[in-house]
Amino acid sequence: MRTATQLALDVCPVEVTVSVIGGSWKLTIIQILLQGTRRFGGLRREVGDITDRVLTRQVRELEADGLVHREVFAEVPPRVEYSLTDWGRSLQPLVEMVDDWGHRWALAQTDSEEAP
């Protein structure tokens, strides 16, 4: 567990959640890994406009917080695969709700609709 997450434990469960899944690209990474195991390059392509440095940092934080499993294969060149742990997979309903909310919000912005 990262220090930031440990500190969030002293505040409230919402802060813990934000510490673990908040940040650049984390929910997108989780959403992609919900579809299955990915290698680094494939994950980078699917995430989109992200640098290797940022993707590495975000995946490492997710790994440190127990949401992502990183498996290194002893091959030349080395192969690394990322998948979700049980804790990571448990976020599927939340990711789906956030995705749905984002679609509805974006649609409302273009249609000038009221909030639900």
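Residues numbered from 1 in each chain as written. Predicted model: local features only at pLDDT ≥ 70, side-chain atom pairs only at ≥ 80, totals over all residues. Heavy atoms only, no water.

Under an unreviewed UniProt entry, the name given to the protein chain is Helix-turn-helix domain-containing protein, and the organism recorded is Brevibacterium picturae.

Focus: the UniProt feature "domain: HTH hxlR-type" (unreviewed entry) in the protein chain
Inclusion rule: UniProt positions are given in the numbering used here, feature names are shortened, and annotations may be inferred rather than shown by experiment. Each helix is a run of DSSP H or I of at least 4 residues and each strand a run of E of at least 2, with the numbering of both proceeding from the N terminus.
The feature "domain: HTH hxlR-type" (unreviewed entry), as given by UniProt, occupies residues 12-110 in the numbering adopted here. Helix makes up 62% of residues 12-110 and strand 14%. Its end C-alpha atoms lie 35 Å apart.

Details of the sheet that holds strand E1 (residues 38-39)
Rules: In this analysis, strands are considered paired if DSSP registers two or more bridges between them. We call two residues in contact when some of their heavy atoms are within 4.5 Å. Only the contacting stretch of a helix is used when fitting its axis, a line to C-alpha atoms as for every element, and angles between N-to-C directions run 0 to 180 degrees.
Ordered by their spatial adjacency, three strands build an open sheet running E1-E3-E2, and the pairing between neighbours is antiparallel. In this open sheet, the two strands that pair with only one neighbour each are E1 and strand E2 (68-73). In terms of strand pairing, E2 meets strand E3 (residues 79-84) through six bridges, oriented antiparallel. Bridge pairing links His-69 to Ser-83 in E3. The sheet strands contacting helix H3 (residues 26-33) are E1, E2 and E3, and the helix crosses E3 at an angle near 95°.

Considering the packing of H3 against helix H5 (residues 52-64)
The following threshold applies: Here roughly perpendicular refers to angles of 65 to 115 degrees, roughly parallel to angles under 35, roughly antiparallel to angles over 145, and oblique to all remaining angles. Here the term charged refers only to Asp, Glu, Lys and Arg, the term nonpolar to Ala, Val, Leu, Ile, Met, Phe, Trp, Tyr, Cys and Pro, and the term polar to all other amino acids, Gly among them.
Remark: H3 packs on H5, axes separated minimally by 10 Å, with the N-to-C direction vectors making an angle of 70°. Of the possible angle classes, the one that applies to H3 and H5 is roughly perpendicular. From H3, Lys-26, Ile-29 and Ile-30 reach across to H5, where they touch Leu-55, Gln-58, Val-59, Glu-61 and Leu-62. Taken together, the residues that form the contact of H3 with H5 break down as five nonpolar, one polar and two charged.

What about the packing of helix H2 (residues 13-21) against H3?
It is at 8 Å that the axes of H2 and H3 come closest, and there the two elements cross at 75°. Considered as vectors, H2 and H3 are oriented roughly perpendicular to each other. The residues of H3 that touch H2, namely those facing Ser-19, Val-20 and Ile-21, are Lys-26, Leu-27 and Ile-30. Grouping the amino acids of the contact of H2 with H3 by side-chain chemistry returns four nonpolar, one polar and one charged.

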